[in-house]
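# Coordinates in review
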Amino acid sequence: MPHPPPSPRTRARRLAYKAAYDRDTIHAILDAMPVAHIGHIVDGFPVVTPTLQWREGDRVYWHGSSASRMQKRAAGEEVCLTVTLTDGMVLARSGLEHSVNYRSVMVFGRAELVEGAAAKEAHLRTMMEQLFPGRWESLRPITAQELKATRILSLPLTEASAKIGAGPPTDPPEDRAWPVWAGVLPIRLTMGPPEPAPDLAPGIPTPDHARTYRIG
Ligand SMILES: Cc1cc2nc3c(=O)[nH]c(=O)nc-3n(C[C@H](O)[C@H](O)[C@H](O)COP(=O)(O)OP(=O)(O)OC[C@H]3O[C@@H](n4cnc5c(N)ncnc54)[C@H](O)[C@@H]3O)c2cc1C
């Protein structure tokens, strides 16, 4: 039995068969792509800001400078967060049937500010440890000033939807004999070899998390 949408505004209407609302699907997409876009209204007009996101249980978090417009204006306000992975370009026999294979998540809710230096430090540590396990402990410790200059916002995943497009082109039967190539051009995110900082002190080995980091 598929999970129902958690609220009217999360119910997919267009190509609803591609939508999913279960926690496992939503978590997997958020965990596969650290880049999110946060949409919110600033001075009456929409602003969509790309930023890093991370998930802790059933909440999604993002951080930024205390001076950033997104951090200052989004706190306590309704926002919409999206995360997208593009998995392939779908080439069909007609222009309008071309599409994209993708995995995406959309989350609605009121952005909540994380209060207190200890809580902020704990969330930043979690972000770092999820991205690069073992790295936080090896870093120059964060300062009180850095914590003050950082704000963290979060959203519960209570009003979240996923949408997944996958598979070959779906041309109507009457188009399938048209003599043009059709199929999928897969898109893969690949990591290059680590590039040491030009001013890296000699003798510092490349950590495992720099070799094994993957997204997608
Ligand atoms: C990489 C990529 C490329 C796309 N290209 C196109 C395109 O070229 N043309 C096009 O029409 N659509 C495209 N889509 C799909 C697009 O995101 C919308 O799903 C679609 O346009 C329907 O929009 P709507 O506002 O009518 O959705 P509705 O069905 O009215 O949306 C209702 C609710 O469904 C959920 N929902 C809708 N879309 C998504 C989503 N993508 N991810 C998670 N939840 C969702 C949300 O909760 C939303 O509030 C693309 C998606 C991705 C990820």
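The following refers to the structure shown. Residue numbers here run from 1 along each chain, matching the order of that chain's written sequence. Predicted model: local features are reported for residues with pLDDT of at least 70 only, side-chain atom pairs are reported and counted for 80 or more only, and whole-chain, interface and lining totals are derived from all residues.

### Some thoughts on the site of the ligand
Defined as follows: Any residue qualifies as near a molecule or strand once its backbone-derived C-beta atom lies within 6 Å of it. Strands here mean DSSP runs of E at least two residues long; helices mean DSSP runs of H or I at least four residues long; both are numbered from the N terminus. Residue polarity is assigned by list, with Asp, Glu, Lys and Arg as charged and Ala, Val, Leu, Ile, Met, Phe, Trp, Tyr, Cys and Pro as nonpolar; anything else, Gly included, falls into the polar class.
Around the ligand there are 16 residues in total, and A12, R13, R14, S104 and K163 lie nearest to it. Here the element with the most residues in the shell around the ligand is strand β7 (residues 99-110); it accounts for five residues. Here the residues of the shell around the ligand sort into six nonpolar, five polar and five charged.

### Things to note about the nonpolar core
Just so we agree on the cut-off: What makes a nonpolar core is a set of buried Ala, Val, Leu, Ile, Met, Phe, Trp, Tyr and Cys residues, with links drawn between C-beta atoms within 7 Å. Exposed residues have 12 or fewer other C-beta atoms within 10 Å of their own C-beta, buried residues have 20 or more, and partly exposed residues fall in between, where C-beta atoms are placed from the backbone. What counts as a contact is two residues whose backbone-derived C-beta atoms lie within 7 Å of each other.
If you look at the biggest cluster of nonpolar residues, it comprises 28 residues, and the most contacted ones within it are I26, I38, V60, L81, V105 and V107. Not counting residues within four places of it along the chain, the set of residues in contact with V107 comprises V60, L81, L155, L157, E159 and A160.

### Section: helix α3 (residues 117-131)
Here is the rule we go by: One fewer than the residue count of a helix, multiplied by 1.5 Å, yields its expected span.
Its 15 residues place the ends of α3 21 Å apart at the C-alpha level, agreeing with the 21 Å of an ideal helix rising 1.5 Å per residue. Against β4 (54-56), β5 (59-65), α4 (144-148) and β9 (150-156) lie the buried residues of α3.

### Describing helix α1 (residues 23-32)
Residues separated by three or four positions in an α-helix point in the same direction, a consequence of the helix having 3.6 residues per turn. Where we set the bar: It is the directions from the helix axis to the C-beta atoms whose arc is reported.
Of the residues making up α1, those classed as buried are I26, I29 and L30. One side of α1 holds all its buried residues, which, seen down the axis, span an arc of 100 degrees. Those residues of α1 that are buried are in contact with β4, β5, β6 (78-91), β7 and β10 (160-165).

### A few points about unusual backbone geometry
Even without glycine at this site, L15 takes up a positive phi of about 50 degrees. Residue position: L15 is located in the segment before β1 (19-20). Owing to 10 C-beta atoms within 10 Å, L15 belongs among the exposed residues under this scheme. A positive phi angle is found at D43, which is not glycine, with a value near 50 degrees. Within the secondary structure layout, D43 lies in the loop between β2 (35-42) and β3 (45-52). On the neighbour-count criterion, D43 (7 C-beta atoms within 10 Å) is exposed.

### Looking at the pairing of β5
The line we're drawing: Pairing between strands is defined by DSSP: at least two bridges between the two strands are required.
For β5, the buried fraction is high: five of the seven residues fall into the buried class. As paired elements, β4 and β5 share three bridges and run antiparallel to each other. Following the sheet pairing, W54 is matched in β5 by Y61. Here β4 folds back onto β5, and the loop between the two strands holds two residues, one of which, G57, carries a positive phi near 60 degrees.

### Here's the deal with the sheet that holds β9
One key point about sheets: their strands pair by backbone hydrogen bonds, in either a parallel or an antiparallel sense. Here is the rule we go by: The axes are straight lines fitted to the C-alpha atoms, using for helices just the contacting stretch, and the angles between their N-to-C directions are given from 0 to 180°.
Here we have four strands laid out as an open sheet, ordered β4-β5-β9-β8, and antiparallel in their pairing. On the outer flanks of this sheet lie β4 and β8 (112-113), each paired with one strand and no other. In this sheet, β9 lies alongside β5 in antiparallel orientation, the contact comprising seven bridges. Among the inter-strand pairings, Y61 is bridged to a residue of β9, identified as S154. Sheet strands touched by α3: β4, β5 and β9. Its angle to β4, the strand with the most contacts, is close to 115 degrees.

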